[in-house]
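Residue-level structure breakdown
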Amino acid sequence: MAGKCYRDVDVYSAAKARIRLVFEHFERVCVAFSGGKDSSVTLHLALEVAREMGRGPVHAMFIDLEGQYSATIAHVTEMFGREDVRPWWICLPLNLRNASSLQEPYWCAWEPGREADWIRPMPAHPSVIRDQAFFPFYRYRMEFEEFVPAFNEWLAQDVPTAFLVGIRSDESLHRYLAVKRRTRVKKCAWTPTGAGAAVAWSARDLTDGRAVTFFPIYDWKFGDLWRYTGEHGHAYNRLYDHMYRAGVPFSQMRICQPYGDDQRKGLDLFHRLEPETWFRVVRRVAGANYAARYCRQRFLGYRGGLGLPPTFSTWKQYSQFLLRSLPGPLRTVYMRRIRRFIDWWGQHDYPLDAWPDAGVPALENRKAQPSWRRVALSLLKQDMARSLSFGFARRDIDALSLIEERGS
């Protein structure tokens, strides 16, 4: 893995230079806006550069996933009320992960027919898009991971369009890899090499699809965000003030849908920060109260955990017990993924009969060694085998969503 390359320029100047290049080469610029600190800074920077270059308005796309703090909606409303912002406030029924329940592994934001259960009413802002026929590519209960690239291509169909995403590499290894030079993703982003800020796109990108994504603040630190916001007097989401007063660590100050695999760790914050919203958050999906109560508990692994339960003699035996305890449809999904996990390691010189029951912790952490403990912990986390290196899978999600619809 290539190391970091430091340059004699401050991050503010470097980010503006990158965004300036984007405006020089693209007719339309759109910021992926979540109402969080990173996307807010990205939007402010884009507006600043657009004003200096006599360009505008700047497009901003906010996918409203229903489960939002009132402070976040207040900030979105403020930013989308500016004359130099062309807002896309999207409130459509999208399928989302619910890591709080085995019985309801997915939920649908803004689900028609369940208006009484919505966490908050449909916003009345004039830019809100709620008509399911508005986008030609949209289909009911579309996955969030599918909607975003489809929207990008749709918006870029008439003119070359750049999308600015506020991802910073120091937030997590996952985000560092997202902005690092990749070979498997076409039209990816930013190559910070050479003198000045270089841009990684080709002439083909401007004619084939014409939607190109950039990460202009990838090298910013947490403190850089707030220094820029404070020195320029920019609007920001006041939820961060509440988080700070509540003692939330900087690394956990995230704004996203509340029930996901990572997001459920902050479910209890609704109770602490917005008690008036908490009751509706609990009622919205199955298992939310349970997840909020136990999401910060230790697991049974090797990092401060309790170890293998004494009832079981091996992690393999415990994995088999956990699999049998799952609802039938979900068990089928996990078994399919675990079989693929076994087959992949078998093709990479690690057949099943050579697996350790519990491997070397350092190797397991790097996903460099399979073990039955890794399988058991994935089942305990209810993470759809994400910790076994699985991600979004259309076939599995479609099957589970269909079962939920039949049961509702």
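Residues numbered from 1 in each chain as written. Predicted model: local features only at pLDDT ≥ 70, side-chain atom pairs only at ≥ 80, totals over all residues. Heavy atoms only, no water.

Here we come to the confidence of the model for the protein chain. Chain-level pLDDT for the protein chain is 81 on average; 76% of the residues reach the 70-or-more range. Here strand β10 (residues 198–199) is the element of the protein chain with the lowest mean pLDDT, 40, and strand β3 (residues 85–90) is the one with the highest, 98. In the predicted structure, residues 183–207 sits below a pLDDT of 50 and forms 47 contacts with residues beyond four places in sequence or in another chain. (pLDDT = per-residue confidence, 0-100. Helix = DSSP H or I, 4+ residues; strand = E, 2+ residues; numbered from the N terminus. Contact = heavy atoms within 4.5 Å.)

Among the ten residues of helix α15 (residues 372–381), eight are classified as buried, and the element is accordingly described as predominantly covered. The complete set of buried residues in α15 reads W372, R373, R374, V375, A376, L377, S378 and L379. Looking at the buried positions of α15, the neighbouring elements they touch are α12 (315–325), α13 (328–347) and α14 (361–365). Immediately beyond the C-terminal end of α15, within one or two residues, lies Q382, with a positive phi of roughly 55°. (Buried < 20%, exposed > 50% of the residue type's maximum accessible area, 1.4 Å probe, protein only.)

On the secondary structure map, Q317 appears in helix α12. We classify Q317 as partly exposed; its relative accessible area is 33%.

Another aspect to go through is the pairing of strand β2 (residues 58–63). Along β2, six of the six residues are buried, which leaves the element largely enclosed by surrounding structure. Of the two faces of β2, the one carrying V58, A60 and F62 and the one carrying H59, M61 and I63 are both buried. Strand direction decides the pairing type here: strand β1 (residues 28–32) and β2, joined by three bridges, are parallel. Opposite C30, over in β2, you have H59 as the bridge partner. You can see the chain leave β1, run along helix α2 (residues 37–53) and come back into β2, and the turn it takes is right-handed. The pairing of β2 with β3 spans six bridges and is classified as parallel. If you follow F62 over to β3, its bridge partner there is W89. (Pairing = 2+ DSSP bridges. Right-handed = clockwise from strand over helix to strand, strands pointing away.)

This part takes up the sheet that holds β3. Paired through backbone hydrogen bonds, the strands of a sheet run either parallel or antiparallel to each other. In spatial order, the strands read β6-β3-β2-β1-β8-β11; together these six strands make up an open sheet with parallel pairing. Either end of the sheet is taken by a strand with one partner, and the two such strands are β6 (128–129) and β11 (211–214). Against the sheet, helix α3 (residues 70–80) engages β2 and β3, with an angle of about 145° to β3. (Axes fitted to C-alpha atoms, helices over the stretch in contact; angles between N-to-C directions.)

Quick look at empty space enclosed by the protein now. A water-sized probe rolled over the atoms picks out the places where empty space is left. Counted under the stated rule, the structure contains one cavity of 30 Å³ or more. Here the largest cavity is characterised by a volume of approximately 40 Å³. Along its surface, the largest cavity is lined by K37, S40, V41, H44, L225, W226, T229, A235 and Y236. Elements with a contribution of two residues or more to the lining of the largest cavity: α2 and α7 (222–232). (1 Å grid on protein atoms, 1.4 Å probe; cavity = no way out; pocket = protein on both sides within 12 Å on 5 of 7 lines; lining within 4 Å. Points joined across faces, edges and corners; volume = space filled by probe spheres on them.)

The next subject is the side chain of E274. Tracing the backbone shows E274 in the loop between α9 (268–273) and α10 (275–284). Reaching out from E274, the side chain makes a polar contact with the side chain of S70 at a distance of 2.7 Å. If near-sequence neighbours (up to four positions away) are discounted, E274 is found in contact with Y69, S70, A71 and L269. (Polar contact = N/O pair within 3.5 Å; in protein donor to acceptor, adjacent residues only side chain to side chain.)

Strand order in the open sheet made by the three strands is β5-β4-β7, with mixed pairing throughout. The two strands at the open ends of the sheet, each matched to only one other strand, are β5 (106–109) and β7 (142–143). Inspection of the sheet shows strand β4 (residues 94–97) paired to β5 by four bridges, in the antiparallel sense. If you follow L96 over to β5, its bridge partner there is W107.

This paragraph deals with the pattern of salt bridges. Summed over all chains, the structure comprises 16 salt bridges. Close ionic contact of R168 with D38 constitutes a salt bridge, the shortest N to O distance being 2.5 Å. Here the residue R168 occupies a position in the loop between β8 (161–165) and α5 (173–179), and D38 occupies one in helix α2, the gap between them amounting to 130 residues. For R168, a relative accessible area of 1% gives the class buried. As a salt-bridge pair, R227 and E231 come within 2.9 Å of each other at their nearest N and O atoms. With R227 and E231 both in helix α7 and four residues apart, the pair spans about one turn of that helix. The class for E231 is exposed, based on a relative accessible area of 56%. Connected through shared salt-bridge partners, K16, R20, E48 and E52 make up one network. (Salt bridge = Lys/Arg side-chain N within 4 Å of Asp/Glu carboxyl O.)

Our focus in this paragraph is unusual backbone geometry. Residue P57 is reached from G56 by a cis peptide bond, and omega for that bond is -5°. Position of P57 relative to the elements: it lies in the loop between α2 and β2. If you check the backbone angles, R141 has positive phi at about 55° while not being a glycine. Positionally, R141 belongs in the loop between β6 and β7. Positive phi is not limited to glycine here, since K367 has a value of about 55°. Of note, K367 is situated in the loop between α14 and α15. Given a relative accessible area of 38%, K367 falls into the partly exposed group.

With that settled, the discussion passes to the packing of aromatic side chains. As enumerated under the stated definition, the model contains 32 aromatic pairs in all. Each ring, one from F135 and one from W154, has its centre 4.9 Å from the other, and the planes form 90°; the classification is edge-to-face. Taken together, the residues span a long stretch of sequence, with F135 in the loop between β6 and β7 and W154 in helix α4 (residues 144–155) at a distance of 19 residues. The class for F135 is buried, based on a relative accessible area of 2%. Ring geometry for W220 versus Y228: centroids 5.8 Å apart, planes at 85°, classification edge-to-face. Take W220 and Y228: they sit in the same class, and that class is buried. Among the aromatic residues, those joined into a ring-pair cluster are W88, F134, F135, F137, F147, F151 and W154. (Phe/Tyr/Trp six-rings, centres within 6.5 Å; stacked < 30°, edge-to-face > 60°.)

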